[in-house]
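A closer look at the structure
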Amino acid sequence: MPRRYDPERRQRIIDAAIRVVGEKGLAGLSHRSVAAEADVPLGSTTYHFKTLDDLMVAALRQANEGFAKAVAARGGLADPRTDLAAELAGLLGEWLAGERTGVELEYELYLAALRRPALRPVAAEWAEDLAAHLAHRTDPVTARALVALLDGICLQVLLTGTPYDEAYAREVLSRVIDASA
C-alpha cells in the first residue's frame with residue numbers, strides 16, 4: 001500500500017500535543033496520547049518527533065509565536081512616541097485576557113525547561129526576542145529587567161488566580177524604565 005501524502009501531519013501532531021497538555025498537563029503527554037488526539041498512527045508521532053522532548057520543543061516554539069504575534073500586532077514597542085510602560089502593560093493585559101488555557105499551557109511548557117534541558121534554548125528564545133525588541137527603546141540591562149518583571153507578573157496572575165491589574169503593571173514597569181533614564 002503506498003504512503004498517503006499528508007503535508008499537514010507534522011503540524012496536526014504539534015497541535016494535538018498542545019491540546020493534550022492543555023487538557024491533561026505534561027504528565028498526560030505521550031506519543032500514544034498525541035497520536036490518538038491527532039488521529040494518526042503512533043509511528044507518525046515518532047517519525048516526526050523521536051522523543052517527547054522534540055515534540056515539546058516544537059509545541060513550545062509554536063506557543064512562543066503566539067506572544068510574538070501579539071507584540072507585532074500592537075506595533076507600539078517600535079514607536080518611540082508610545083509610552084513604553086503603558087504599551088507593555090496593555091500587551092500583557094491582552095495576552096492574559098485571551099484564552100486562559102493557552103496562556104497556562106505556554107507557561108507549563110516554558111517551566112518544563114527547568115527539568116528538561118532540551119527545552120531551555122526555546123524557553124530562552126521568548127525572553128531574548130522580547131528583550132531585543134525592548135532594547136530599541138531602552139538599554140539592554142533595562143530590557144532584560146522589563147522582561148523579568150513581565151514574566152513575574154504573568155506567573156503571579158496565573159498561580160494566584162488574581163485578576164490582572166494593568167494600572168499596577170504600568171506603574172511598576174514605569175519605575176524600572178524611569179530608574180534607567
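See the structure above.
Let us look at the structure shown here.

The rules behind the values
In every chain, residue numbers begin from 1 and rise along the written sequence. Given that the model is predicted, a residue must reach a pLDDT of at least 70 before its local features are reported, and side-chain atom pairs must reach 80 or more before they are shown or counted; all residues, however, enter totals for whole chains, interfaces and linings. Here the side-chain values reflect all heavy atoms present in the structure, with hydrogen atoms and water set aside. Helical segments are the DSSP runs of H or I of at least four residues, strand segments are the runs of E of at least two, and each set is numbered from the N terminus. Contacts between residues were defined by any pair of non-hydrogen atoms, one from each residue, lying within 4.5 Å. Per-residue and other accessible areas follow the Shrake-Rupley method at a 1.4 Å probe size, with only the shown protein chains counted as cover for residues. When charges are counted, neither His nor the chain ends are considered; positive counts come from Lys and Arg and negative counts from Asp and Glu. Working definition for charges: the position is that of NZ of Lys, CZ of Arg, CG of Asp or CD of Glu. Only Phe, Tyr and Trp rings take part, Trp by its six-membered ring, and two of them pair if their centres are within 6.5 Å. Stacked means planes under 30 degrees apart, edge-to-face means over 60, and tilted covers everything else. Per-residue accessibility, obtained with a 1.4 Å probe over protein chains only, is compared with the maximum for each type, and a residue is labelled buried under 20%, exposed over 50%, and partly exposed between these values. Lines fitted to C-alpha atoms define the axes, with helix axes restricted to the stretch in contact, and inter-axis angles between N-to-C directions lie between 0 and 180 degrees. An angle below 35 degrees is read as roughly parallel, one above 145 as roughly antiparallel, one from 65 to 115 as roughly perpendicular, and any other as oblique. Should the near helix be turned anticlockwise from the far one by less than a right angle, the crossing is left-handed, and should it be turned clockwise, the crossing is right-handed. Here the expected span of a helix is defined as 1.5 Å times the quantity of residues minus one. The working definition used for a salt bridge is a side-chain nitrogen of Lys or Arg within 4 Å of a carboxyl oxygen of Asp or Glu.

**Here's the deal with the overall build of the protein**
Scanning the protein from terminus to terminus reveals nine helices and zero strands. Principal-axis analysis of the C-alpha atoms places the extent of the protein at approximately 65 × 30 × 25 Å. Within the protein, counting contacts between residues at least 6 apart in sequence, those at least 24 apart form 62% of the total. When the accessible area of the protein is evaluated, it comes to approximately 10,200 Å², of which 54% is carbon and sulfur surface. Treating the 21 positive side-chain charges of the protein as one cloud and the 26 negative ones as another, the clouds have centres 7 Å apart.

**What about the packing of aromatic side chains?**
Taken as a whole, this structure holds three aromatic pairs when the rule is applied. Centre to centre, the rings of W95 and Y107 are 5.9 Å apart; their planes meet at 55 degrees, and the pair counts as tilted. With W95 in helix α5 (residues 84-97) and Y107 in helix α6 (residues 100-112), this pair connects stretches of sequence that are 12 residues apart. Residues W95 and Y107 agree in their burial class; the two are buried. Their ring planes at 70 degrees and their centres at 5.8 Å tell us that Y110 and W126 sit as a pair that is edge-to-face. Placement of the pair is Y110 in helix α6 and W126 in helix α7 (residues 120-134), with a sequence separation of 16 residues. Taken individually, Y110 and W126 each receive the classification buried, so the pair is uniform in this respect. Taken together, the ring pairs in this structure connect W95, Y107, Y110 and W126 into an aromatic cluster.

**What to know about the packing of α7 against helix α8 (residues 140-160)**
Packed helices, taken two at a time, are described by the angle their axes make and the gap between the axes. Between α7 and α8, the least distance of the axes is 8 Å, while the angle of their chain directions is 130 degrees. In terms of orientation, α7 and α8 fall into the oblique class. Crossing of α7 against α8: the hand is right-handed. Packed against α7, whose contacting residues are W126, A127, L130, A131 and L134, the element α8 presents A143, R144, L146, V147, L150 and D151 at the interface.

**Some remarks on α7**
Compared with the 21 Å implied by 1.5 Å per residue over 15 residues, the 21 Å span of α7 between its first and last C-alpha is a close match. Turning to α7, its buried residues are V122, A123, W126, L130, A131 and L134. In this fold, the buried residues of α7 make contact with α4 (52-74), α5, α6 and α8.

**Examining the side chain of S33**
Residue placement: S33 occurs in helix α2 (residues 31-38). When its relative accessible area of 13% is taken as the criterion, S33 is described as buried. For S33, the contacting residues outside a window of four places in its chain are V20 and G28.

**A closer look at the pattern of salt bridges**
Evaluation of the coordinates by the stated rule reveals five salt bridges. One salt bridge connects R61 with E125, and the closest N-O pair in it is separated by 2.7 Å. With R61 in helix α4 and E125 in helix α7, this residue pair connects regions lying 64 residues apart in the sequence. Judged by its relative accessible area of 34%, R61 is partly exposed. Measuring nitrogen to oxygen at the nearest pair gives 2.8 Å for the salt bridge that ties E171 to R175. Here E171 pairs with R175, and both are found in helix α9 (residues 166-180), just four residues apart, close to one helical turn.

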